[in-house]
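# Close look at the chain arrangement
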Number of protein chains: 2
Amino acid sequence: MLSQSLASFIHRTKYEYLEEDVVQFTKLCILDWLGSALAGSHYKPVQILKAFIDEMGGNPQASLVTGGKTSVYQAALVNGASSHMVELDDIHKASIIHAATVIIPAAVAVAEYRQKSGQDLITAVVVGYDVAFRIGEAVSPSHYRYWHNTATCGTFGAAAAAAKLLELDEEQIINTLGTAGTQAAGLWQFIDDGAMTKQLHPGKAAMEGVLAAITAQKGFTGAKRILEGPRGFFKAMCEEADESKVTQQLGEVFKIKENSFKIHASCRHTHQPIDVVLELQKTYNIAPADIRHIRVRTYQSAIEIAGYANPESVYASKFSIPYCVAVALEKGSAGLDDFNERNLQDPNIRNLMEKVEVVLDPEIEEEYPHKWASLVEMELNDGRQLSQHVDFPKGDPENPVTKEDLINKFKRMTQDKLSVEQTNSWVDKIMKLDQIRVLDEWFE
Amino acid sequence: MLSQSLASFIHRTKYEYLEEDVVQFTKLCILDWLGSALAGSHYKPVQILKAFIDEMGGNPQASLVTGGKTSVYQAALVNGASSHMVELDDIHKASIIHAATVIIPAAVAVAEYRQKSGQDLITAVVVGYDVAFRIGEAVSPSHYRYWHNTATCGTFGAAAAAAKLLELDEEQIINTLGTAGTQAAGLWQFIDDGAMTKQLHPGKAAMEGVLAAITAQKGFTGAKRILEGPRGFFKAMCEEADESKVTQQLGEVFKIKENSFKIHASCRHTHQPIDVVLELQKTYNIAPADIRHIRVRTYQSAIEIAGYANPESVYASKFSIPYCVAVALEKGSAGLDDFNERNLQDPNIRNLMEKVEVVLDPEIEEEYPHKWASLVEMELNDGRQLSQHVDFPKGDPENPVTKEDLINKFKRMTQDKLSVEQTNSWVDKIMKLDQIRVLDEWFE
């Protein structure tokens, strides 16, 4: 009974079972999520959903990143949509799931509504990530052909987190998973049109998770074998599920630690060259004017997806290794605010871009996608030849970011939304989350 | 552009285009829906969803069959769930869709909220049925293996009806269909457990339709080819869609008239014998005590699904041709209130049940499922031999019910919820729906 095993895991996991590194890592996931959620809050898709829930009305149970409060499941909708807006939220490679944007809005809304503790929230997020990642791995790769894993598998994760915070019993958790799974949805078709569906999906998934858990608490029943049953999620929505992925080391290894963070506000395939040039610049104290030539050796997919030599829009610049490398060297970073029209037209950056050459490296290609490597060769005007190689972008578990990196990212992402005092207060609050006894206020 | 064709159809259809018989038939669909919605309102799954939306809160925009008002999309949720509870709601054979329970709760909620006219409501319901039936036929039969057509295809129908009432333009309707389609959900897995999911599905589908239309009105965008696109609904959720079903005679034939009604409160396979014995009883003025033997000749599926000779629960009695035939002869009907513990234990009914024999008829079997026929042979104590054959249960388009049949059904279904005056007032109101200029109150 696979769904039952998951329910039992969700039910029995306690804060005390989490190793210190899992707790600390989870705090960083929450901080990183909050940065994305605040950064996205003024964009149109989020504002439309906010206008929708304002029109519907609701009891002021949980806070919105856009300001104010609404009912707990509507808060999950808007905050979920907001945190997927600027595409800087976390990603789990093996399940292809952005977990934060679905699981954390569900969890923080329920935690605030039911006045849970920081430890409760951390436990719920750990459990939610675990459930989503495991289901996502089980249905990969075929599910992803049509379905947006973040939304579909994320619904189970959001439901798990909400159920944990509501302290449901095992039977109620099975029902929660049943209701969540039969409502799991999200087709990739929107990608052809670049529609706002991209933000709707995580928001709705978070909302469904909360709905499933609260109705289950009231006695609503659902399918008991929603994952493995003959007319369930696996049979209907992928070619052949690998059920072992769900139970392998369940409760022994918390998979949240496999999560990757994005430091740079661009396509993931641009990250390794950015990492390397920033490292070289720091080590050798290089000014952009010192550079004669930069050769980025990479794999084919990076060239195809992030190979724009001459991007004409801010959006396209995020898929241009030459721009990303140049802006990083000129500005010292490739954060959200480094991708703008001014920088895109900056003659110094344009000049530097022309010195960047992107080439296919057969050895690197051979290792992809096991490794997402890059080799950067830099030639300086004084004749020095520098080069550096990296196997994984910074933020992957194999090349982890530091707490300071993520705090800096948070500060930059929220600088136009929060005062310095507010930013510091948020960082402090989340870093001490395990000591907070009652989470009665999240964004106010 | 298939989705675009549907959007254009939804946009351009006007009340003036509907033939009088379509208008009259649609009123009966609405009356029949209301009966089911009121009859289901006190059951546990509905009451739990009501408790959920009460907890969430919402602006009082649309009325609930359970009493009171809530936000328009939450009203669609509860009223949708309620109208699928007693399993007496309508059914379209070719698409396997119960349309009323999804489309009408969405439509009446939006109509009340936006103070639309009776003609607007009728037009929206016609369009909603058409869209749902067409999509359901396009994905049949493979979709039904895993997916609850009523919920998945119904979501598009609810969205179409809501969009029509909101007077969206064609572009907004395309976006509505995109958002609705990417949220279309509902797996059959719950059937293994008899879970409350059965009621959740139509309620959620109605809710999603309303959400999709209102957000589209505010500018939210969705996939433009949600049905036919390479990662859209058809590709992801059935083996091979027959796209011609969507556009065949679109705008020329309104498919709502293909709808079937259920008069008797039992499994559809019991209906033909019930119809025949009631007809024989009326024609020959037969008392139950006059009967020596009844032989019901039917097809194999009816025997397998509705063959219980000795049902032990009220639920099982709805799947017992002997009980259904006996109760109809004893009570003159097989309505919702004829299926109860008292009748199940009634010695007269029990006695009559023993005289009912159900046998496979090879000729009838050969014609199934093209025809759902039955032949009843009745032998009386005075030696007379009566027999009558029917090709379709009453309520199918091939064997239509009268307006009076449906009004009587409505009265019986709502007798413990409404006073006689209220019932008559509802019947009057719906029969004059095309003359109502502002639908500002539905259930209060």
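Residue positions are given per chain, counting from 1 as you read along its sequence in written order. To label them, take the chains in the order written and letter them from A, then take the ligands in the order written and number them from 1. Where local features are concerned, this predicted model is filtered to residues with pLDDT of at least 70; where side-chain atom pairs are given and counted, the filter is 80 or more; whole-chain, interface and lining totals use all residues. Heavy atoms throughout the structure, all of them, feed into the side-chain values; hydrogens and water do not.

Before going further, it helps to spend a moment on the sheet that holds strand β6 (residues 385-390) of chain B. All names here are of chain B. Paired strands, as defined in this entry, are two strands with at least two bridges between them according to DSSP. Each helix is a run of DSSP H or I of at least 4 residues and each strand a run of E of at least 2, with the numbering of both proceeding from the N terminus. Strands sit in the order β4-β3-β5-β6 across an open sheet of four strands; the sheet is mixed. Every other strand in the sheet has two partners, leaving β4 (356-360) and β6 as the edge strands with one partner each. Between one strand axis and the next, the sheet turns by 15° as a mean value, whatever way the strands run. Whether two residues are in contact is decided by their heavy atoms, any of which lying within 4.5 Å being enough. With axes taken as lines fitted to C-alpha atoms, and helix axes fitted only over the stretch in contact, angles between N-to-C directions fall between 0 and 180 degrees. The sheet strands contacting helix α15 (residues 321-331) are β3 (291-298) and β4, and the helix crosses β3 at an angle near 130°.

Before going further, it helps to spend a moment on unusual backbone geometry. Residues and elements named next belong to chain A. A cis amide bond links Tyr368 with the next residue in sequence, Pro369, at an omega value of 5°. Tracing the backbone through its elements, the reader meets Pro369 in the loop between α18 (362-367) and β5 (374-380). One non-glycine residue with positive phi stands out, namely Ile96, at about 55°. Residue position: Ile96 is located in the loop between α4 (72-82) and α5 (100-113).

Moving on: the pairing of strand β5 (residues 374-380) of chain B. All names here are of chain B. Only protein chains enter the accessibility calculation, which uses a 1.4 Å probe; a residue is then buried when its area is under 20% of its type maximum, exposed when over 50%, and partly exposed in between. In terms of residue burial, β5 counts as a mostly covered element, since five of its seven residues are buried. Pairing of β5 with β6, which is carried by six bridges, proceeds in the antiparallel orientation. From the neighbouring strand, Met378 faces β6, where its bridge partner is Leu386. Between the end of β5 and the start of β6, which pair antiparallel, lie four residues, with Gly383 showing a positive phi angle near 95°.

Contacts between the two partners involve 64 residues from chain B, matched on the other side by 64 residues from chain A. In total, about 5,400 Å² of surface goes out of reach between chain B and chain A, with carbon and sulfur atoms giving 60% of it. Using a 1.4 Å probe, buried area is obtained as the accessible area two parts lose upon being combined, added over both of them. Considering only the surface of chain B that becomes buried against chain A, Gln189, Phe220 and Arg231 of chain B emerge as the three largest contributors, covering 15% of it. The salt bridge criterion pairs a side-chain nitrogen of Lys or Arg with a carboxyl oxygen of Asp or Glu, the two atoms within 4 Å. Where chain B touches chain A, the interface holds eight salt bridges. Where Lys204 of chain A meets Glu208 of chain B, a salt bridge forms, and the shortest distance between an N and an O atom there is 2.6 Å. Contacts described as polar in this section are N or O atom pairs within 3.5 Å, which, within protein, must combine one atom able to donate a hydrogen with one able to accept it, while residues neighboring in sequence count only if both atoms come from side chains. Taken together, the links from chain B to chain A amount to 36 residue pairs in polar contact (both at pLDDT 80 or more). If you tally residues by element for the side of chain B that touches chain A, the top one is helix α9 (residues 197-217) of chain B, at nine residues. Residue classes in the side of chain B that touches chain A are distributed as 31 nonpolar, 20 polar and 13 charged. Gly counts as polar in this scheme, as do all residues outside two lists: the nonpolar Ala, Val, Leu, Ile, Met, Phe, Trp, Tyr, Cys and Pro, and the charged Asp, Glu, Lys and Arg.

Looking now at the relation of the copies chain B and chain A. Its rotation angle being 180°, the transformation that places chain B on chain A also includes 0.0 Å of axial translation and leaves an RMSD of 0.1 Å. When the rotation and shift are considered jointly, the pair of chain copies conforms to a two-fold rotation axis. For chain B, the minimum C-alpha distance to the rotation axis belongs to Gly58 of chain B and amounts to 2.0 Å. Same-surface contact between copies: 100% of interface residues of chain B are shared with the interface of chain A. The atoms used to superpose the copies are C-alpha atoms, taken from residues with pLDDT of at least 70 in both, and the fit is least squares.

Looking now at empty space enclosed by the protein. Residues are called lining when one of their atoms sits within 4 Å of a cavity or pocket point, these points coming from a 1 Å grid over the protein atoms alone, where a cavity is a set in which a 1.4 Å probe fits but cannot get out and a pocket is an open set with protein on both sides within 12 Å along at least five of seven lines. Grid points are joined across faces, edges and corners, and a volume is the space filled by probe spheres set on the points. Scanning the model with the defined rule gives two cavities of 30 Å³ or more in all. Each pocket or cavity is described by its volume, and for the largest cavity that value is around 50 Å³. Tyr73, Lys204, Met207, Glu208 and Leu211 of chain A together with Tyr73, Lys204, Met207, Glu208 and Leu211 of chain B are the residues that line the largest cavity. Where the lining of the largest cavity is concerned, the elements lending two or more residues are α9 (197-217) of chain A together with α9 of chain B. Classifying every residue of the lining of the largest cavity gives six nonpolar, no polar and four charged. In this structure, the second largest cavity encloses a volume near 40 Å³. Lining the second largest cavity, in full, are Gln183 of chain A together with Ala151, Thr155, Gln183, Ala184, Ala185, His201, Lys204, Ala205 and Glu208 of chain B. When contributions to the lining of the second largest cavity are tallied by element, the ones reaching two or more residues are α7 (149-165) and α9 of chain B. Per-element tally for the lining of the second largest cavity: the top contributor is α9 of chain B, with four residues.

All names here are of chain B. On the secondary structure map, Lys164 appears in helix α7. Positive charges are assigned to Lys and Arg, negative charges to Asp and Glu, while His and the chain termini are left out of the count. One buried charge, Lys164, has no salt-bridge partner; the nearest side chain with opposite charge is Asp120, at 8.1 Å. What Lys164 contacts, discounting residues up to four positions off in sequence, is Ile10, His11, Arg12, Thr13, Thr123 and Ala124.

In this scheme, a helix's expected span is set at 1.5 Å multiplied by one less than its residue total. Compared with the 18 Å implied by 1.5 Å per residue over 13 residues, the 18 Å span of helix α8 (residues 170-182) of chain B between its first and last C-alpha is a close match. Extensive coverage of α8 of chain B is indicated by the burial of eleven of its 13 residues. Lining the buried residues of α8 of chain B we find α9 of chain A together with α1 (2-12), α7, α9 and α10 (233-237) of chain B. One side-chain oxygen of the residue at the start of α8 of chain B lies 3.2 Å from the amide nitrogen of Glu171 of chain B, identifying that residue as Asp169 of chain B.

This part is about the UniProt feature "domain: MmgE/PrpD C-terminal" (unreviewed entry) in chain A. The positions that UniProt labels "domain: MmgE/PrpD C-terminal" (unreviewed entry) are, in the present scheme, residues 264-422 of chain A. Within residues 264-422 of chain A, the helical portion is 43% and the strand portion 16%, while the C-alpha atoms at the span's ends are 23 Å from each other. UniProt positions are given in the numbering used here, feature names are shortened, and annotations may be inferred rather than shown by experiment.

Next up on the list: the UniProt feature "domain: MmgE/PrpD N-terminal" (unreviewed entry) in chain A. Mapped onto the present numbering, the UniProt feature "domain: MmgE/PrpD N-terminal" (unreviewed entry) falls at residues 4-241 of chain A. Summarising residues 4-241 of chain A: 61% helix, 2% strand, and an end-to-end C-alpha distance of 17 Å.

Looking now at the sheet that holds strand β6 (residues 385-390) of chain A. Residue and element names in this part refer to chain A. An order of β4-β3-β5-β6 is seen for the four strands of this open sheet, with the pairing classed as mixed. Strands at the two margins of the open sheet, each flanked by one partner only, are β4 (356-360) and β6. In this sheet, adjacent strand axes meet at a mean angle of 15° when their direction is disregarded. Strand contacts of helix α15 (residues 321-331): β3 (291-298) and β4, with the helix running at about 130° to β3, the strand carrying the most contacts.

Frequently, the measure chosen for interface size is the accessible area removed from exposure when the parts meet. Residues and elements named next belong to chain A. You can read the domains of chain A as domain 1 (2-263 + 403-435) and domain 2 (268-390). Centre-to-centre separation of domain 1 and domain 2, based on C-alpha positions: 33 Å. Interface area for domain 1 against domain 2, summed over the two sides, is near 740 Å², with a carbon-plus-sulfur share of 50%. Joining domain 1 to domain 2, the criterion identifies two salt bridges. Residues Arg412 and Asp338 are paired through a salt bridge, measuring 2.7 Å at the closest nitrogen-oxygen approach. Those domain boundaries reflect an automatic or database domain assignment.

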